[in-house]
Amino acid sequence: MTKEIYLTGDRPTGKLHIGHYVGSLKNRVEMQNSGNYDSFVMIADTQAFTDNARDPEKIRNSLTEVALDYLAVGLDPKKTTIFVQSQIKGLFELTEYYMNLVSVARLQRNPTVKAEIQQKGFGESVPVGFFTYPVSQAADITIFRAQKVPAGDDQEPMIEQARELVRSFNSAYHTDTLVEPEGVFPPNGLGRIPGIDGNAKMSKSLGNAIYLSDDEDAVAKKVKQMYTDPKHIRVEDPGHVEGNVVFTYLDIFDPDKKHVADLKDRYMHGGLGDMKLKKHLIDVLENELKPIRERRQMFAQDIPAVLQMLKNGSDHANEVAEATMTKVRRAIGVNYFDGLK
Ligand code: ATP
Ligand code: MG
């Protein structure tokens, strides 16, 4: 049986957080370990430049941090090709060809990019590279001929865009070289974990995240700041569960669902204080994060080995990408010098 290919990745704009963990990393590790996939995981540094062009130091530093997060959660370079986007030169080339197959109007309709432009306060001065990042992301996916893309819900418009580009490319150049990808989204609401501030999305760029590398004190401090129910002031007051981030996280991370149901009941009827509830969440998170944190510390002791791992992965990824690009160039007809010395 030929294995399906999956590709996904993260921008090196900071360390990875628990939103990435439940929204994407967990899924990848499962897919990796199932043995049913040829797995590619990319650190998207080129994409990080689209809104951090003047902060290359941040991207450079985050590269190893993200790699450590990967290793900590169980991505295994023996089973998954872990590589760095900027090192795959074919991506720049394929992106350039894709640019001509999509209109400005189509890109303007992308709801995720629209929201991000708002959020980042770009207004009229949105960088061209940022505005067009869904196009380069389509190249990332398709150069590896990935059929599956495990990602958070915010990535759905990107995958749709990639599918359209594949259809446009294959039809413009009368070929079947490129493959339409499909998104693999986490079930029931795990595709977009809210931030500790109650913002709809926990995000590296919004300063509202609990990081996989946070120590126990940092986690406790963040949980204590967490948004609950502003009207729930005294312990006896009845409180709201809906929109209460502490309960959102308990729903996700506490394996004891009956206990969570009990806590909700007590909270809604009055008699359960925020502090006590938060203490419980701290314990639940600590349970999940402690082994990850320990593995991370272990890998962090040998950064040169981490970089070597990324180089090996990038070398392999380049070979795979070049094989696709040879076909792409042939399909477009820019293979003028084939057969010449
Ligand atoms: P940035 O703010 O720099 O964009 P980010 O936190 O959005 O950072 P990305 O690197 O853009 O992280 O996203 C990597 C992957 O993690 C994507 O598949 C994305 O859908 C998923 N993801 C990001 N944030 C969350 C979240 N809060 N809940 C679930 N999945 C998430
Ligand atoms: Mg993002």
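Bear in mind that the values here come from a model prediction, so they are computed numbers and not experimental data.

Conventions and cut-offs
- Residues numbered from 1 in each chain as written.
- Chains lettered and ligands numbered in written order.
- Predicted model: local features only at pLDDT ≥ 70, side-chain atom pairs only at ≥ 80, totals over all residues.
- Heavy atoms only, no water.
- Buried < 20%, exposed > 50% of the residue type's maximum accessible area, 1.4 Å probe, protein only.
- Helix = DSSP H or I, 4+ residues; strand = E, 2+ residues; numbered from the N terminus.
- Pairing = 2+ DSSP bridges.
- Salt bridge = Lys/Arg side-chain N within 4 Å of Asp/Glu carboxyl O.
- Core = buried A, V, L, I, M, F, W, Y, C linked by side-chain atoms within 4.5 Å.
- Axes fitted to C-alpha atoms, helices over the stretch in contact; angles between N-to-C directions.
- Parallel < 35°, antiparallel > 145°, perpendicular 65-115°, else oblique.
- Left-handed = near helix turned anticlockwise from the far one by under 90°.
- Contact = heavy atoms within 4.5 Å.
- Nonpolar A, V, L, I, M, F, W, Y, C, P; charged D, E, K, R; others polar.
- Near = heavy atom within 4 Å.
- Polar contact = N/O pair within 3.5 Å; in protein donor to acceptor, adjacent residues only side chain to side chain.
- Areas by Shrake-Rupley, 256 points an atom, 1.4 Å probe, with all protein chains shown as cover.
- Patch = residues over 30% accessible without salt bridge, like charges linked within 9 Å, V, L, I, M, F, W, Y side chains within 5 Å.
- Phe/Tyr/Trp six-rings, centres within 6.5 Å; stacked < 30°, edge-to-face > 60°.
- Lys, Arg positive; Asp, Glu negative; His and termini not counted.

Draft legend 1. Representation of the pairing of strand 3 (residues 80-84) in the model. With five of its five residues buried, strand 3 lies for the most part within the structure. Where burial is concerned, the two faces of strand 3 agree: the one with T80, I82 and V84 and the one with T81 and F83 are both buried. Bridging between strand 2 (residues 37-43) and strand 3 involves five bridges; their strand directions are parallel. Note on strand 3: the bridge partner recorded for S39 is T80.

Draft legend 2. Main features of the pattern of salt bridges. Applying the stated criterion across every chain yields a total of 22 salt bridges. The salt bridge partner of K290 is E294, with a shortest N-O separation of 3.8 Å. Here the residue K290 and the residue E294 both occupy positions in helix 13 (residues 274-300), the gap between them amounting to four residues, near one helical turn. When its relative accessible area of 45% is taken as the criterion, E294 is described as partly exposed. A network of salt bridges, in which partner residues are shared, links E160, R163, R167 and E180.

Draft legend 3. Spatial organisation of the nonpolar core. Core analysis: the largest hydrophobic core is formed by 54 residues, its most contacted members being I18, Y70, I210, L212, M226, Y249 and L250. By residue number, the principal contributor to this core is helix 3 (residues 56-73), which donates eight residues. In terms of nonpolar packing, the next biggest core, distinct from the first, is built from 32 residues, F144, A146, V149 and I159 among them.

Draft legend 4. Region of interest: the packing of helix 3 against helix 13. One can describe the packing of helix 3 onto helix 13 by two numbers: an axis separation of 8 Å at closest approach and a directional angle of 125°. Between helix 3 and helix 13, the angle falls in the class oblique. Between helix 3 and helix 13 lies a crossing whose hand is right-handed. Contacts between helix 3 and helix 13 involve E65, L68, D69, L71, A72 and V73 from the first element and I292, R295, R296, F299 and A300 from the second. Class assignment for the residues of the contact of helix 3 with helix 13 results in seven nonpolar, no polar and four charged.

Draft legend 5. Region of interest: the site of ligand 1. Around ligand 1 there are 21 residues in total, and T13, D154, K201, S203 and S205 lie nearest to it. T13 places a side-chain nitrogen or oxygen 2.7 Å from an oxygen atom of ligand 1. Note that a nitrogen atom of ligand 1 is positioned 2.7 Å from one of the backbone N or O atoms of I193. Protein coverage of the free-state accessible area of ligand 1, which is 600 Å², stands at 96%. For the shell around ligand 1, the element with the most residues is helix 1 (residues 18-34), which contributes three residues.

Draft legend 6. Quick look at the pairing of strand 1 (residues 4-10). Within strand 1, five of the seven residues are buried, which leaves it mostly tucked inside the rest of the structure. Two strands pair when backbone bridges link them, and strand 1 and strand 2 are joined in this way by seven bridges, in the parallel orientation. Paired with E4 across the bridge in strand 2 is Y37.

Draft legend 7. Broad picture of a nonpolar patch on the surface. Taken together, the side chains of Y336, F337 and L340 present a nonpolar region at the surface, about 430 Å² in accessible area. Inspection of the secondary structure assignment puts Y336 in the segment after helix 14 (303-332). Owing to a relative accessible area of 60%, Y336 belongs among the exposed residues under this scheme.

Draft legend 8. Structural view of the packing of aromatic side chains. Inspection of every chain in the model, using the stated rule, returns 11 aromatic pairs. Between Y98 and F169 the ring centres are 6.3 Å apart and the planes differ by 85°, which places this aromatic pair in the edge-to-face class. Here the residue Y98 occupies a position in helix 4 (residues 89-99), and F169 occupies one in helix 9 (residues 156-172), the gap between them amounting to 71 residues. Each member of the pair, Y98 as well as F169, is classed as buried.

Draft legend 9. Structural view of unusual backbone geometry. The phi dihedral of R145 falls on the positive side, at around 55°, and the residue is not glycine. Checked against the element boundaries, R145 lands in the loop between helix 8 (133-143) and strand 4 (148-150). Phi angles above zero are rare outside glycine, and H174 is one such case at about 45°. With respect to the helices and strands, H174 occurs in the loop between helix 9 and strand 5 (182-184). A relative accessible area of 74% means that H174 is categorised as exposed.

Draft legend 10. Region of the structure containing the side chain of D274. Here D274 shows up in helix 13. Buried within the structure, D274 lacks any salt-bridge partner; K278 is the closest side chain of opposite charge, at an N-O distance of 5.2 Å. Here the side chain of D274 touches H232 through a polar contact of 3.0 Å, side chain to side chain. Sequence-distant contacts of D274, defined by excluding residues within four places in its chain, comprise T228, H232 and Y267.

Draft legend 11. Region of the structure containing the side chain of T324. Counting through the fold element by element, T324 comes out in helix 14. Not counting chain neighbours up to four residues away, the residues in contact with T324 comprise T142, I143, R145, T177 and L178.

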